[in-house]
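The chain contents come next:
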Amino acid sequence: MRRGYARSEQRNAEVRAQLAPLEPGERPRPLAVAAVVAASLGTANLVALVAGVEVQGEQPSTVGVLLFCAVMYMAAVGLWMARYWAVLGFEVLLGLIVVVFSLFLLRASNVLAVVVCVPIIVVAGWLFWKLIRVMGRIQAPERVR
């Protein structure tokens with residue numbers, strides 16, 4: 001067990017050594033995509049609230065929708081500024097989206113449900129995976145040149 005752990009730690013150290021910290025103002029593509037997705041989610045929910053969209057025949061809580069919009073806009077700004085807390089929080093949201101839509105897919109009773117769930121799972125999973133390296137680069141220590 002210890003030997004396997006040592007090998008794993010050695011591999012982790014090698015990968016960490018290869019990570020270059022983000023340059024000031026640098027935004028890798030997955031980070032920019034995540035910021036746009038967060039801003040779009042906030043805007044879409046705000047537009048739906050103003051348009052009076054009902055969910056299962058009822059108007060959603062205005063406070064809840066506004067709170068979600070505020071969190072998404074804060075996440076978008078944090079992602080755009082390459083803040084670790086924003087990337088980590090958005091990773092949690094993406095992980096929950098993948099799990100929830102996978103559960104929806106298990107209960108899918110028609111083709112439309114599958115057509116909606118699969119792309120969401122694929123896109124959220126792809127973005128989750130790509131943001132892992134970005135988080136490592138945000139945490140990477142500055143190298144002495």
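The rules behind each value
Residues numbered from 1 in each chain as written. Predicted model: local features only at pLDDT ≥ 70, side-chain atom pairs only at ≥ 80, totals over all residues. Heavy atoms only, no water. Core = buried A, V, L, I, M, F, W, Y, C linked by side-chain atoms within 4.5 Å. Buried < 20%, exposed > 50% of the residue type's maximum accessible area, 1.4 Å probe, protein only. Helix = DSSP H or I, 4+ residues; strand = E, 2+ residues; numbered from the N terminus. Contact = heavy atoms within 4.5 Å. Salt bridge = Lys/Arg side-chain N within 4 Å of Asp/Glu carboxyl O. Axes fitted to C-alpha atoms, helices over the stretch in contact; angles between N-to-C directions. Parallel < 35°, antiparallel > 145°, perpendicular 65-115°, else oblique. Left-handed = near helix turned anticlockwise from the far one by under 90°. Nonpolar A, V, L, I, M, F, W, Y, C, P; charged D, E, K, R; others polar. Phe/Tyr/Trp six-rings, centres within 6.5 Å; stacked < 30°, edge-to-face > 60°.

1. Observations concerning the nonpolar core
With 19 residues, the main nonpolar core has Leu31, Ala38, Leu79, Phe90 and Leu131 as its most contacted residues. Those elements giving two or more residues to this core turn out to be helix H2 (29–51), helix H3 (62–80), helix H4 (84–106) and helix H5 (111–139). Among all residues touching phenylalanine 90, those that are not within four sequence positions of it are Ala34, Val37, Ala38, Leu79, Leu127 and Leu131.

2. A word on the pattern of salt bridges
Tallying each qualifying case throughout the model produces one salt bridge. For glutamate 26, the salt bridge goes to arginine 137, with nearest N and O atoms at 2.9 Å. One end of the pair, glutamate 26, is in the loop between helix H1 (2–18) and H2; the other, arginine 137, is in helix H5, and 111 residues separate them in sequence. A residue is classified by how much of its surface remains accessible, and arginine 137, at 18% relative accessible area, is buried.

3. A word on the packing of H2 against H3
Where H2 contacts H3, the axes come no closer than 8 Å and their chain directions differ by 160°. As the angle between them shows, H2 and H3 are arranged roughly antiparallel. Here H2 runs over H3; the crossing is left-handed. Between H2 and H3, the residues in contact are Leu31, Ala32, Ala34, Ala35, Ala38, Ala39, Leu41, Gly42, Thr43, Asn45, Leu46 and Leu49 and Thr62, Val65, Leu66, Phe68, Cys69, Met72, Tyr73, Ala75, Ala76, Leu79 and Trp80, respectively. A per-class count over the contact of H2 with H3 returns 19 nonpolar, four polar and no charged.

4. Observations regarding the packing of H3 against H4
It is the contact of H3 with H4, at a shortest axis distance of 8 Å, that shows an interaxial angle of 130°. With respect to H4, the axis of H3 lies oblique. In this structure, H3 crosses over H4, and the sense of that crossing is left-handed. Only Trp85, Ala86, Val87, Phe90 and Leu93 of H4 make contact with H3, whose side of the interface consists of Met72, Met74, Ala75, Gly78 and Leu79. Its residues assigned to classes, the contact of H3 with H4 comprises nine nonpolar, one polar and no charged.

5. Some points on the packing of aromatic side chains
For the structure on display, the rule yields one aromatic pair. Taken together, a centroid distance of 5.4 Å and an interplanar angle of 85° make the contact between phenylalanine 101 and phenylalanine 104 edge-to-face. A residue pair is termed a helical-turn pair when its members lie 3 or 4 positions apart in one helix, as phenylalanine 101 and phenylalanine 104 do in helix H4 at three residues. Overall, the relative accessible area of 46% leaves phenylalanine 104 in the partly exposed class.

6. Quick look at unusual backbone geometry
One non-glycine residue, glutamine 56, lies in positive phi territory at about 55°. For glutamine 56, the location among the structural elements is in the loop between H2 and H3. Judged by its relative accessible area of 82%, glutamine 56 is exposed. Phi angles above zero are rare outside glycine, and alanine 82 is one such case at about 60°.

Nothing here speaks to function; it is all geometry.
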